[in-house]
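Residue strings, one per chain:
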Amino acid sequence: MAKLNIVTYPAEVLETVCEKVIEFDRKLVKLLNDMYETMLEADGVGLAAPQVGIAQQIAVVDVGDEHGRIELINPVILEQRGEQIGPEGCLSFPGLFGEVKRADYVKVRAQDRRGRAYTLEATGFLARALQHEIDHLNGVLFTSKVIRYYEEEELEG
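Predicted model, so just to flag it, every value in this text is computed and none were measured.

Scoring rules and cut-offs
Residues numbered from 1 in each chain as written. Predicted model: local features only at pLDDT ≥ 70, side-chain atom pairs only at ≥ 80, totals over all residues. Heavy atoms only, no water. 1 Å grid on protein atoms, 1.4 Å probe; cavity = no way out; pocket = protein on both sides within 12 Å on 5 of 7 lines; lining within 4 Å. Points joined across faces, edges and corners; volume = space filled by probe spheres on them. Helix = DSSP H or I, 4+ residues; strand = E, 2+ residues; numbered from the N terminus. Nonpolar A, V, L, I, M, F, W, Y, C, P; charged D, E, K, R; others polar. UniProt positions renumbered as here; feature names shortened; annotations may be inferred. Buried < 20%, exposed > 50% of the residue type's maximum accessible area, 1.4 Å probe, protein only. Contact = heavy atoms within 4.5 Å.

A volume near 340 Å³ is recorded for the largest pocket. If you go around the largest pocket, you meet 20 residues; those closest to its centre are Gly44, Val45, Gly89, Cys90 and Leu91. Top element by residues in the lining of the largest pocket is helix α2 (residues 124–137). It accounts for 5 residues. In the lining of the largest pocket, the residues fall into 10 nonpolar, 6 polar and 4 charged. Here the second largest pocket is characterised by a volume of approximately 260 Å³. Lining the second largest pocket are Leu4, Val21, Ile22, Glu23, Asp25, Lys27, Leu28, Lys30, Leu31, Asp34, Ile54 and Gln56. Residue classes in the lining of the second largest pocket are distributed as 6 nonpolar, 1 polar and 5 charged.

Below is the structure:
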């Protein structure tokens, strides 16, 4: 496994609408594995391909719940409802955290590493993480949704 370099803002790829994945091959499997390792090493709960310089609709999420490792290829949010406001950070914005409003429930359709379609329903923190990563694939950064930024003292508690 190779640790990938995480791209930080301002990098053009972070605000790029990503291309759909059409080839489900060994290269994709290696990228998914490398992205997952990179995310864990960076102490993140999600990582999207543009954050490692690749403008493709690929993301990995693991919030440490019963779902474990989730691989999202060409994901689409089919349904969303409710509202939650909570803290978010981003590996592409080291040290920056803000309060963001998101849907509390999402239903997502995506493909796995073999190209098989699946749907996933999520609430709470997992729903937040999925929305954050899917935003990345559409060139949308969490900073465009921040209600207010946290001061360093607020984060130390």
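Moving on, we get to the UniProt feature "active site" (unreviewed entry) in the chain. Following the UniProt record, one finds the feature "active site" (unreviewed entry) at Glu133. With respect to the secondary-structure elements, glutamate 133 resides in helix α2. Looking at glutamate 133, the relative accessible area reads 5%, which means it is buried. When residues no more than four places from it in sequence are discounted, the contact partners of glutamate 133 are Gly46, Leu47, Ala48, Gln51, Ala59, Val60 and Val61.

So, about the environment of proline 75. Residue position: proline 75 is located in strand β3 (residues 70–81). Of the residues examined, proline 75 reaches a relative accessible area of 8% and is grouped as buried. Along the sequence, proline 75 and alanine 59 sit 16 residues apart, while their C-alpha atoms lie 8.6 Å from each other. Apart from the residues lying within four places of it in its own chain, the contact partners of proline 75 are Gln57, Val108, Arg109, Ala110, Ile134 and Leu137.

Right, let's get into the UniProt feature "binding site: Fe cation" (unreviewed entry) in the chain. Mapped onto this numbering, the UniProt entry annotates "binding site: Fe cation" (unreviewed entry) at Cys90, His132 and His136. In summary, the annotated positions, though distributed over 47 residues, converge in three dimensions, the widest C-alpha pair being only 10.2 Å. In the annotated set above, the residues contributing to the lining of the largest pocket are Cys90 and His132. Considering the arrangement of structural elements, one finds cysteine 90 in the loop between β4 (84–89) and β5 (97–102). Mapping histidine 132 onto the fold places it in helix α2. Exposure remark for histidine 132: the relative accessible area of 7% places this residue in the buried category. Leave out the neighbours within four places in its chain, and histidine 132 touches Glu88, Gly89, Cys90, Arg102 and Phe142.

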